[in-house]
Amino acid sequence: MAVAPTVYNGFERDLLMIIRLVLAAALILILPLVSVAQDLSKDQLLAELTFDDLDQHGNGFIHLGHVEEFRQFVFGSMDQDEDGHLNIEEWVRWDYGFRVLSTELDRVEAYETALKVMFAVADRNGDELVSETEHRKNSLAAFERADLNNDELLTEDEYLGGFTILVAIRAALQPDD
Ligand SMILES: [Ca+2]
Ligand SMILES: [Ca+2]
Ligand SMILES: [Ca+2]
C-alpha cells in the first residue's frame, strides 16, 4: 500500500511541537489565572494564533489551499509511526498547544473526550483509523461549514465561529457552569 509522502521530517515535527508548547506556555504565563473563562480567554488567543498561522499573507482571509497545506503538515506531524494512517493514540497525543491549556484549566478529560468524538467523526468508514483521505474530507467539510457566505474564503470570524474542529476544542475548554 502506498504511503503518502510527507515533506516534514522528524526534526521539523518536533520543532513545531516545541514552538506550540512554548507559545502556549507563554500565553499561560502572560495572562492572569483568574477570570480565564470570561472575556478574552486564553483559548481565544490560541485560536487566533492558529488563524494567523493559516492566514499566510496576513490579509485577514484563509483560502482552502492554506487549510490544505496546514492539514498536510498536521497529518504528517500526527502520524508518528509514519504508516499513513492516524490511530486514536496518535490523534489524541498530538497537540497544537490546547493540551497545555486544558491542563491549566483542569479540563483534560473534556478535551480528550472532544478529540475522541472528532476522531469518530473523521473516521468515516469506522475502521478505527483516519486515513489521509478521511482527514482531507474532514478538513474540507469543516471549511465548507465555516464558510457562511460561500465565497471560498474564511474570515477570522467565520473561522473562529464555525471551523468545527476548533469550535469543539474550545467548547471542551469552557467550564461547565
Ligand atoms: Ca500512524
Ligand atoms: Ca477510517
Ligand atoms: Ca467566507
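Coordinates for the structure precede this section.
Bear in mind that the values here come from a model prediction, so they are computed numbers and not experimental data.

(A) Geometry of helix α6 (residues 108–122). Its 15 residues place the ends of α6 21 Å apart at the C-alpha level, agreeing with the 21 Å of an ideal helix rising 1.5 Å per residue. Every buried residue belonging to α6 is among Tyr111, Ala114, Leu115, Met118 and Ala122, and all of these are buried. Across the axial projection of α6, the buried residues extend over an arc of 100 degrees, all falling on one side. Seen from the open side of α6, the exposed residues pointing more than 90 degrees away from its buried face are Glu109 and Val117.

(B) How the structure looks around the packing of helix α3 (residues 64–78) against helix α7 (residues 132–146). Interaxial distance between α3 and α7 falls to 10 Å at its minimum, and their mutual angle equals 145 degrees. Like other packed secondary-structure pairs, α3 and α7 cross with a definite hand, here right-handed. Only Glu132, His135, Arg136, Ser139 and Phe143 of α7 make contact with α3, whose side of the interface consists of Leu64, Val67, Arg71 and Phe75. Residue composition of the contact of α3 with α7, grouped by class: four nonpolar, two polar and three charged.

(C) The arrangement of the environment of isoleucine 88 in detail. With respect to the helices, strands and loops of the structure, isoleucine 88 is situated in helix α4 (residues 88–93). Spatially, the C-alpha atom of isoleucine 88 lies 7.3 Å from that of glutamate 128, the residues being 40 residues apart in sequence. Not counting chain neighbours up to four residues away, the residues in contact with isoleucine 88 comprise Lys116, Phe119 and Glu128.

(D) Structural detail: the packing of α6 against helix α9 (residues 164–173). In the contact formed by α6 and α9, the axes pass within 8 Å of each other and the chain directions differ by 155 degrees. It follows from the interaxial angle that α6 and α9 lie roughly antiparallel. As α6 packs across α9, the resulting crossing turns out to be right-handed. Only Ile165, Ala168, Ile169, Ala172 and Leu173 of α9 make contact with α6, whose side of the interface consists of Ala110, Tyr111, Thr113, Ala114 and Met118. For the contact of α6 with α9, the per-class residue count stands at nine nonpolar, one polar and no charged.

(E) How the structure looks around unusual backbone geometry. A positive phi is found at aspartate 106, a non-glycine position, where the angle reads about 60 degrees. At glutamate 152, a residue that is not glycine, the phi angle is positive and equals roughly 65 degrees. Tracing the chain through its elements places glutamate 152 in the loop between α7 and β4 (153–155).

(F) Up close: helix α2 (residues 42–54). Between its first and last C-alpha atoms α2 spans 19 Å; for 13 residues at 1.5 Å apiece the expected length is 18 Å, and the two agree. What α2 keeps buried is the set Lys42, Asp43, Leu46, Ala47 and Thr50. Looking straight down α2, one finds its buried side chains confined to an arc of 140 degrees; they lie on one side.

(G) Up close: the nonpolar core. Counting residues in each nonpolar core, the largest one holds 26 residues, and the members touching the most others are Phe98, Leu101, Tyr111, Ala114, Ala146, Ile169 and Leu173. Only α2, α5 (98–104), α6, α7 and α9 provide two or more residues apiece to this core. Ranked by residues supplied to this core, first place goes to α6 with five residues. Sequence-distant contacts of alanine 114, defined by excluding residues within four places in its chain, comprise Ala168, Ile169 and Ala172.

Conventions we followed
Residues numbered from 1 in each chain as written. Chains lettered and ligands numbered in written order. Predicted model: local features only at pLDDT ≥ 70, side-chain atom pairs only at ≥ 80, totals over all residues. Helix = DSSP H or I, 4+ residues; strand = E, 2+ residues; numbered from the N terminus. Expected span 1.5 Å × (residues − 1). Buried ≥ 20, exposed ≤ 12 C-beta atoms within 10 Å, placed from the backbone. Arc of directions from axis to C-beta. Axes fitted to C-alpha atoms, helices over the stretch in contact; angles between N-to-C directions. Left-handed = near helix turned anticlockwise from the far one by under 90°. Contact = placed C-beta atoms within 7 Å. Nonpolar A, V, L, I, M, F, W, Y, C, P; charged D, E, K, R; others polar. Parallel < 35°, antiparallel > 145°, perpendicular 65-115°, else oblique. Core = buried A, V, L, I, M, F, W, Y, C linked by C-beta atoms within 7 Å.

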